[in-house]
Amino acid sequence: MATTTSTPPATLARPGVPLIGAGHLRRPRAPLTQAIERTLRNPMGLFGAVVLGLLVVCALGAQLISPFDPLEQHPGSELLPPGSGFFLGTDNLGRDILSRIIFGSRASLLVGVVAVGLGASIGIATGLAAGYFGGVVDAVIMRIYDALLAFPAILLGIGVVSVLGTGMLSVAYALAIASLPIFARLMRSRVLSERERDYVLAARCIGAGDGRIMGMHVLPNAISPLIVQISLAMAFSVLAESALSFLGLGTQPPQPSWGTMLNESRAYLRTAPGFGIFPGAALALLLLGLNFLSDALRDALDPRRIHA
Amino acid sequence: MHTQLSRRTALRAIIAAGAASLLAACGPAASQQPAPTAAQPKPAAGATVVGAAQAKPTAPAAAQIKRGGVLQWGQVGDIVTTDAFQWSPTANNTTGAVNETLIVYADDLTPLPRLAESWEQSSDLTKIKLNLRKGVTYHTGREFTSDDIEYNLLRARDFPKNPFASQVAPGSAWWTSWEKPDKNTIVLQSDKPRPGVFDFLQYLRILDKDTMEGPDAATKVVGTGAFMWKEWVPGDHISLVKNPNYWDRNKPYLDGIEIKVFRDAQAMVSALEAGALDVADLIPIPDAARLKGDPKFKTFETHDLGQYFYAIVNAGQAPTDNKLVRQAVNYAIDRQRFVDSVLKGFPGEVRTLPWAKTSPAFEPAKNKMYGFDLDKAKSLITQSGVSNIEFDISWSTAGYQAEYQALASIIQSDLAKIGVKTNLKPTDPPTFTAQGNGNQPPYNGMRLSAGAFAQLYEATTMSTLSRTWGYASNLAGFYDDKFKDLVAAASTEPDAAKRKQLYSQYSDFLLDASYGMVICPYSDIDLMKPNVEGLRYDLATNVAVSELWFS
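The rules behind the values
- Residues numbered from 1 in each chain as written.
- Chains lettered and ligands numbered in written order.
- Predicted model: local features only at pLDDT ≥ 70, side-chain atom pairs only at ≥ 80, totals over all residues.
- Helix = DSSP H or I, 4+ residues; strand = E, 2+ residues; numbered from the N terminus.
- Buried ≥ 20, exposed ≤ 12 C-beta atoms within 10 Å, placed from the backbone.
- Contact = placed C-beta atoms within 7 Å.
- Pairing = 2+ DSSP bridges.
- Axes fitted to C-alpha atoms, helices over the stretch in contact; angles between N-to-C directions.
- pLDDT = per-residue confidence, 0-100.
- Right-handed = clockwise from strand over helix to strand, strands pointing away.
- Expected span 1.5 Å × (residues − 1).
- Left-handed = near helix turned anticlockwise from the far one by under 90°.
- Nonpolar A, V, L, I, M, F, W, Y, C, P; charged D, E, K, R; others polar.

J.: Can you explain the overall build of chain A? Please cite residues and give values.
T.: Each helix and strand counted, chain A has 13 helices and 0 strands in total. When the helices and strands of chain A are placed in sequence order, the string is α-α-α-α-α-α-α-α-α-α-α-α-α. Of all 308 residues assigned to chain A, the portion counted as buried reaches 44%. Long-range pairs, those at least 24 residues apart, make up 68% of the contacts in chain A between residues at least 6 apart in sequence.

What follows is the structure, encoded as structure tokens:
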């Protein structure tokens, strides 16, 4: 029996479209991978990713890359301008500003990751349950979140910190609580539309349980806007940590954080501007990067833009 | 026309703004006027004007003084009560301008007449006859008499009912009886000699009975002072107007004072620099250092009004219950570094005892004890036999927060060098106050704070008025019979020479016990426009408002 082999024409190869044929069969790339690729192709997204990467490197490698111990005081070298042995100058106690900025990134990263991690996981899970089950479950969960939403986030943070006590972790927990309703409401609204789709009906017809439908089918299809929200919440958490530290509720002295550095520098803004401007610039840069990243993610996940 | 801001344009603008900020940050620190040093000659006591546009030391002739105008005065923080018994920087500038005292101290601690025109004291110091100024009226028109002294004495000793009377309650309780031979005379009698009587009289503000017992006591202030209370808008401003019937017919020079309340000292300084204020009271030290040489302003610095920074440790709790540990900590405090780098040299010197130069207890040699010596501190720790020493250093996040935090960081860094671990605890004001309550306060380790009353004629008055050094109840939970006896002996000894000997023993005891560790005196620093004249603080830290005028 004669057999023939054929090669698909080259013109069929299109980006993003899997080629079908012997030797060219590839699994389609996951939508999330495609979204990440699109984000990194966007200059703003790339800038945000680089800034975020820089933060992670600074936070994890602070011990290796910082030129001085951030707590070490150099008597006689107070409020030095940039240069003169200290790249970004010194603070009012003669501590190296660059080293304190590098170590201060740990507070930002820790609070950002813990607050968003906790807030997103609990908020998404409860929002999913509220949207999927509806009825009493929905009413109870959403009324609790409505009550939380009644408080401005920073005020809620101050309240929680006053109960838990000051410190980085307390701030992270406070911000996690503040971000819960946002994640939950967003997830719920997505689930309300997804649960009416045919694929949910199909899954139910083949005998899938609620847990499986929620976790394996609805969640992956509803998660896109939540990814954008995660990057926005990260930016908010970093800013709120700095604000609470500025108010003396977050990172406690002598440990460095950008907020405490800004607070300590207030009285010296005119005599030693670098003391306040450098931690402020680090904070601004990170927030800019995170906002650009969330913008690019939104574009990358927007179906209208993808198919345009 | 509608224009859209593209992301690229926005990014360019942000980068340009950021670059400008970074350029500013990379510039050198603004030049600062050299700080005064210990070697710089200063007046021995009292208040003086320093800076580029120095006021002449001699009092201006009456003809030179211009009358009129409303002074715009800025201060951080509002009053918490209209009860003028309260003694605080914000109260002294406001209710203190309306309610007067019986005497004031001159810079050399000579009592000068105020509402008391003259006095006669018995040789054993158990009795004093006060001859009150005649023809003085309250702002309501009511005549001031000896009945008002009696009312205020009784009110001051009713301390729990009048919580703001803490400063005058002990002194008012000295008097076992009094007589009022006529409406302008009162004779106070005690069962013991009271060498500190003038310390008490300079703090006792004379309030108006009708007002204090009336329905408007919480909002209205009535006194006999040079200025009358016009309006108080809490958190915003207080308005004072000239008293046209003031007993000193020549004063006040101003028509009124508008006191603006700020929440932030930097905002207050900016308001002065923008021309919205004539005087900014108690400005931050970095701003004082920055503007000291600026010809557009005058800086005013008080000297030695008995105010000082100190650390106090809990002597009732381990590890600071051990005297050798306390002495080691005392040696490990780099006072000079704090004075030079944080206070920019303004206090001029370090001290290990609270006494101001005016105080009869002041002995310069004793202030040299506990020089910064980490080797000695380490050796004392070894001798103490206490190991793994760890304690908290706390301070209030209210006034002087930046200074306390810097001091705490310096102490922490130096103690770490001798193996003592400390935890810094900035504490909100109510918690900080609560942690210092009781005869055995619950706080751990060390507290940083500011003290007062070290300028007085009778040095041991401080042990009655202050919770820092109180013999009956204090912040350290430190009690000792010898200490108590020394205070009792000095405070009732009529012979001044013998009292001076007792003060010396008292100082030695404080240094040895080391439960309170004085760091340095501190100054109140005001910034003002060059045309403001006559600013002066008396020894009780009151601004002499009736002497202010515009040139």
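J.: I'd like to hear about the overall build of chain B, residue by residue, with values.
T.: Helix and strand counts for chain B stand at 17 helices and 21 strands. Evaluated residue by residue, chain B yields a buried proportion of 51% over its 551 residues. Residue pairs in contact within chain B that sit at least 24 positions apart in sequence constitute 72% of those at least 6 positions apart.

J.: Explain helix 11 (residues 258–265) of chain A residue by residue, including any values.
T.: Count 3.6 residues to each turn of an α-helix, and residues three or four apart come out pointing the same way. Across the 8 residues of helix 11 of chain A, 8 count as buried, placing the element largely inside the fold. Buried residues of helix 11 of chain A: Trp258(A), Gly259(A), Thr260(A), Met261(A), Leu262(A), Asn263(A), Glu264(A) and Ser265(A), and no others. The elements touched by buried residues of helix 11 of chain A are helix 4 (97–133), helix 10 (224–246) and helix 12 (273–301) of chain A together with helix 13 (401–417) of chain B.

J.: Quick one: what's the story with the sheet that holds strand 7 (residues 175–182) of chain B, residue by residue and with numbers?
T.: Residues and elements named next belong to chain B. One open sheet holds the 4 strands; their spatial order is 5-6-8-7, and the pairing between them is antiparallel. One side of each edge strand has no neighbouring strand; the edge strands of this open sheet are strand 5 (116–121) and strand 7. In this sheet, adjacent strand axes meet at a mean angle of 20 degrees when their direction is disregarded. With 5 bridges connecting them, strand 7 and strand 8 (residues 185–190) associate as antiparallel partners. Among the inter-strand pairings, Trp175 is bridged to a residue of strand 8, identified as Ser190.

J.: Please provide a residue-by-residue account of the confidence of the model for chain A, values included.
T.: With 90% of its residues at a pLDDT of 70 or more, chain A has an overall mean of 87. Within the model, pLDDT remains below 50 along residues 1–22 of chain A, and this stretch shows 10 contacts once partners closer than five positions in the same chain are excluded.

J.: How would you explain the confidence of the model for chain B if you had to name every residue and give the values?
T.: Residue and element names in this part refer to chain B. Confidence in the prediction for chain B averages 87 pLDDT; 89% of positions are at 70 or higher. Here residues 30–58 scores under 50 on pLDDT; set against residues more than four positions off or in separate chains, the count is 55 contacts. As a predicted assembly, this complex carries a pTM of 0.79 together with an ipTM value of 0.74.

J.: Could you give an account of the pairing of strand 16 (residues 421–427) of chain B, naming the residues involved and the relevant values?
T.: Residues and elements named next belong to chain B. One ladder, built from 7 bridges, connects strand 15 (residues 390–396) with strand 16; its direction is parallel. Note on strand 16: the bridge partner recorded for Ser394 is Lys425. The parallel pair strand 15 and strand 16 is bridged by helix 13, and the resulting crossover is right-handed.

J.: Help me get a handle on helix 10 of chain A, residues and values and all.
T.: The end-to-end C-alpha distance of helix 10 of chain A is 34 Å, a good match for the 33 Å that 23 residues give at a rise of 1.5 Å each. Of the residues one or two after helix 10 of chain A, Gly248(A) is the one with positive phi, at around 90 degrees.

J.: Go over the environment of Val171(A), please, and point to the residues and values.
T.: Inspection of the secondary structure puts Val171(A) in helix 7 (residues 168–194). With sequence-adjacent residues up to four places away left out, Val171(A) is seen in contact with Val111(A), Gly157(A), Val161(A), Glu241(A), Leu244(A), Leu249(A) and Gly250(A).

J.: An account of the pairing of strand 13 (residues 298–303) of chain B is needed here, citing residue identities and associated values.
T.: All names here are of chain B. Of all the 6 residues making up strand 13, 6 are buried; the element is thus mostly covered by neighbouring parts of the structure. On strand 13, burial covers both faces: Lys298, Phe300 and Thr302 on one face and Thr299, Glu301 and His303 on the other are all buried. Here 4 bridges tie strand 13 to strand 19 (residues 525–528), and the two strands are oriented antiparallel to one another. Bridging across to strand 19, Lys298 finds its partner in Met528.

J.: Break down the packing of helix 4 of chain A against helix 12 of chain A for me, with residues and values.
T.: Residue and element names in this part refer to chain A. Put simply, helix 4 and helix 12 touch, their axes get as near as 11 Å, and they point 35 degrees apart. Handedness of the helix 4/helix 12 crossing: right-handed. Taking contact as the criterion, the partners of Ile97, Ile101, Gly104 and Ser108 in helix 4 are, on helix 12, Gly274, Phe275, Phe278, Pro279, Ala282 and Leu286. Within the contact of helix 4 with helix 12, the residues separate by chemical class into 7 nonpolar, 3 polar and no charged.

J.: Just give me the short version of unusual backbone geometry, but keep the residues and values in it.
T.: Trans is the prevailing form of peptide bonds, just as negative phi is the prevailing case for residues other than glycine. For the peptide bond that leads from Pro253(A) to Pro254(A), omega is 10 degrees, which places it in the cis range. With respect to the helices, strands and loops of the structure, Pro254(A) is situated in the loop between helix 10 and helix 11. A cis amide bond links Lys251(B) with the next residue in sequence, Pro252(B), at an omega value of 0 degrees. Tracing the backbone shows Pro252(B) in the loop between strand 10 (237–242) and strand 11 (256–262). Of note, the phi angle at Lys344(B) is positive, near 50 degrees, even though the residue is not glycine. Tracing the backbone shows Lys344(B) in the loop between helix 11 (335–342) and helix 12 (374–384). Classification of Lys344(B) by C-beta neighbours within 10 Å gives buried; the count is 21. The phi dihedral of Tyr370(B) is positive, around 60 degrees, even though this residue is not glycine. In this structure, Tyr370(B) sits in the loop between helix 11 and helix 12.

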